[in-house]
Amino acid sequence: SVIVEVDVPHLVREEGRGGRGNRVRTYTVWELVEGPAPGICEVTVSFWTESDHPLDRVKDPLRSSRWFGRQWRRALARLRETVESEAPIERIVVAGADRLGA
């Protein structure tokens, strides 16, 4: 996916493709809202797909919602653990090398 819009620090919109042959368009919106107390943030993730191919439109409702829901719950739980642990985060490298040169 590619980030297409950022409204710092409250909104990130992504667009991408997935599924068989990358025929299915995917959209993800991350919304961050400050909580009632300092240092608390509520994260809302909206994810949806759009299929152009008739076969994908038939298969999509049958498999997507429960599978994607489970995957997003797991991902958000990992994000919460990472943020709340306050442990240092290891820098991610691409193809075994630091692409930013930092």
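Anyway, here's the lowdown on the structure attached to this text. Sequence order as written defines residue numbering, which begins from 1 separately in each chain. Whole-chain, interface and lining totals are the exception, using all residues; otherwise, since this is a predicted model, local features are given only for residues with pLDDT of at least 70 and side-chain atom pairs are given and counted only at 80 or more. The side-chain quantities take in all heavy atoms of the structure and omit both hydrogens and water.

Here we come to the sheet that holds strand β2 (residues 11-18). In this analysis, strands are considered paired if DSSP registers two or more bridges between them. Only DSSP runs of H or I with at least four residues qualify as helices, and only runs of E with at least two residues qualify as strands; both kinds are numbered from the N terminus onward. Within the open sheet, the four strands sit side by side as β1-β2-β3-β4. Their pairing is antiparallel. Of all strands in the sheet, those with a lone pairing partner are β1 (2-7) and β4 (41-51), marking the two edges. Pairwise comparison of adjacent strand axes, ignoring direction, gives a mean angle of 15° for this sheet. For β2 and strand β3 (residues 24-34), the ladder comprises eight bridges, and the chain directions are antiparallel. Bridging across to β3, Val-12 finds its partner in Trp-30. With axes taken as lines fitted to C-alpha atoms, and helix axes fitted only over the stretch in contact, angles between N-to-C directions fall between 0 and 180 degrees.

With that settled, consider the packing of aromatic side chains. Within 6.5 Å between ring centres, the rings of Phe, Tyr and Trp (the latter by its six-membered ring) count as paired, and their orientation is classed by plane angle as stacked under 30 degrees, edge-to-face over 60, tilted in between. Scanning the entire structure with this criterion turns up five aromatic pairs. With 4.7 Å between their ring centres and 50° between their planes, Phe-47 and Phe-68 make a pair best called tilted. On the criterion of sequence distance, the pair formed by Phe-47 in strand β4 and Phe-68 in helix α1 (residues 54-85) is long-range, its members being 21 residues apart. Consider the rings of Trp-67 and Phe-68, whose centres lie 5.0 Å apart with planes at 75°: the pair is edge-to-face. A relative accessible area of 42% places Trp-67 in the partly exposed class. Cluster of aromatic residues (ring-pair linked, three or more members): Trp-30, Phe-47, Trp-67, Phe-68 and Trp-72. Exposed residues in this analysis have more than 50% of their type's maximum accessible area, buried residues have under 20%, and partly exposed residues fall in between, with area computed by a 1.4 Å probe over protein chains only.

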